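# Summary of the model geometry
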Amino acid sequence: MLIGFVTMKGEPWKLEENFQRLEAKAREAAGRRAKLILAPESVLDGYVFNEDPTSTKEAMLEIAQTVPDGEYLGRAGALCRELGVYLIFGFLEREGEDLFNACVLLDRDGGVLAHYRKVTTAGEFDITPGKELRPFDTPLGRVGFLLCSDRAADNLRTLAVQGAGVVFVPMDGAGGPENTDKMRWRARENGCWIAIANTWSAVLISPSGEPHLEKYEAECVSVQELRLPQESHNSLA
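Since the model is a prediction, treat every value here as computed from it, not as a measurement. (Residues numbered from 1 in each chain as written. Predicted model: local features only at pLDDT ≥ 70, side-chain atom pairs only at ≥ 80, totals over all residues. Heavy atoms only, no water.)

### Observations regarding the sheet that holds strand β8 (residues 166-170)
With mixed pairing, six strands are arranged side by side in an open sheet as β6-β7-β8-β9-β10-β11. Of all the strands in the sheet, the pair left with one neighbour each is β6 (136-138) and β11 (211-215). Neighbour-to-neighbour, the strand axes of the sheet open up by a mean angle of 20°, direction not taken into account. Inspection of the sheet shows β8 paired to strand β9 (residues 193-197) by five bridges, in the parallel sense. Opposite V169, over in β9, you have I196 as the bridge partner. (Pairing = 2+ DSSP bridges. Helix = DSSP H or I, 4+ residues; strand = E, 2+ residues; numbered from the N terminus. Axes fitted to C-alpha atoms, helices over the stretch in contact; angles between N-to-C directions.)

Here it is as structure tokens:
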């Protein structure tokens with residue numbers, strides 16, 4: 001399966017502008033035959049809970065998405081249906097009066113296949129930590145998710161021992177070659193693929209620890225192949 005990695009930095013509060021940029025990059029990736037598109041952490045809202053020191057909880061609740069029926073989740077789902085792709089992207093989520101740093105995996109019909117809330121929130125303003133760290137059984141196989149500072153060794157190990165064959169890691173800002181070196185060790189220790197889409201980098205590491213993609217560039221789309229076990233007997237085209 002070809003994966004399209006989106007590297008872009010969302011502008012704080014500018015959901016419509018950010019979504020249009022994400023959509024354009026998703027269309028580019030699909031045009032290059034990607035079947036799964038991976039975008040960064042909080043790409044929709046621009047990571048407002050850390051990027052804007054004037055952020056208030058009330059203002060963030062106004063723009064936060066609900067799962068599965070938030071406006072931009074609906075529009076992202078429609079894009080998946082049109083392009084025939086899977087899509088992973090990060091956003092600010094609300095449930096009642098609680099806020100979460102979240103991501104979803106949408107299927108080719110636009111439905112939510114997996115929904116993950118960041119567990120290691122690292123002091124993010126008014127963000128409630130997620131309480132669950134588990135993989136999801138999907139048509140892509142058993143996959144896991146971590147968001148940026150979640151990528152500690154123990155968290156990745158928790159997913160791996162539960163059978164995650166691929167761990168997707170949307171990120172915002174941190175990382176670089178030093179982070180890639182650490183992730184190479186963790187992929188090898190846990191025998192799983194690690195796929196990272198950051199605001200300025202795209203990385204794909206095999207279970208043997210070898211980088212199949214290592215690119216440090218903002219505002220671009222990279223496409224690389226990830227060989228899933230299901231592809232030997234199940235077409236995902």
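Picking up after the structure, the text goes on.
### Quick word on the confidence of the model for the chain
Per-chain confidence: the chain averages 94 in pLDDT, with 96% of residues scoring 70 or above. Low pLDDT, under 50, characterises residues 231-237; the predicted model gives this stretch twelve contacts beyond four residues in sequence or across chains. (pLDDT = per-residue confidence, 0-100. Contact = heavy atoms within 4.5 Å.)

### Some details on the sheet that holds strand β4 (residues 98-106)
If you trace the six strands from one edge of the open sheet to the other, you get β5-β4-β3-β2-β1-β12, paired in mixed fashion. A single partner strand is all that each edge strand has here, and the edge strands are β5 (112-117) and β12 (220-225). The sheet shows a mean angle of 30° between the axes of neighbouring strands, direction not considered. Summarising the sheet, strand β1 (residues 2-7) and β12 pair through six bridges and their orientation is antiparallel. Its bridge partner lying in β12, L2 is registered against E225.

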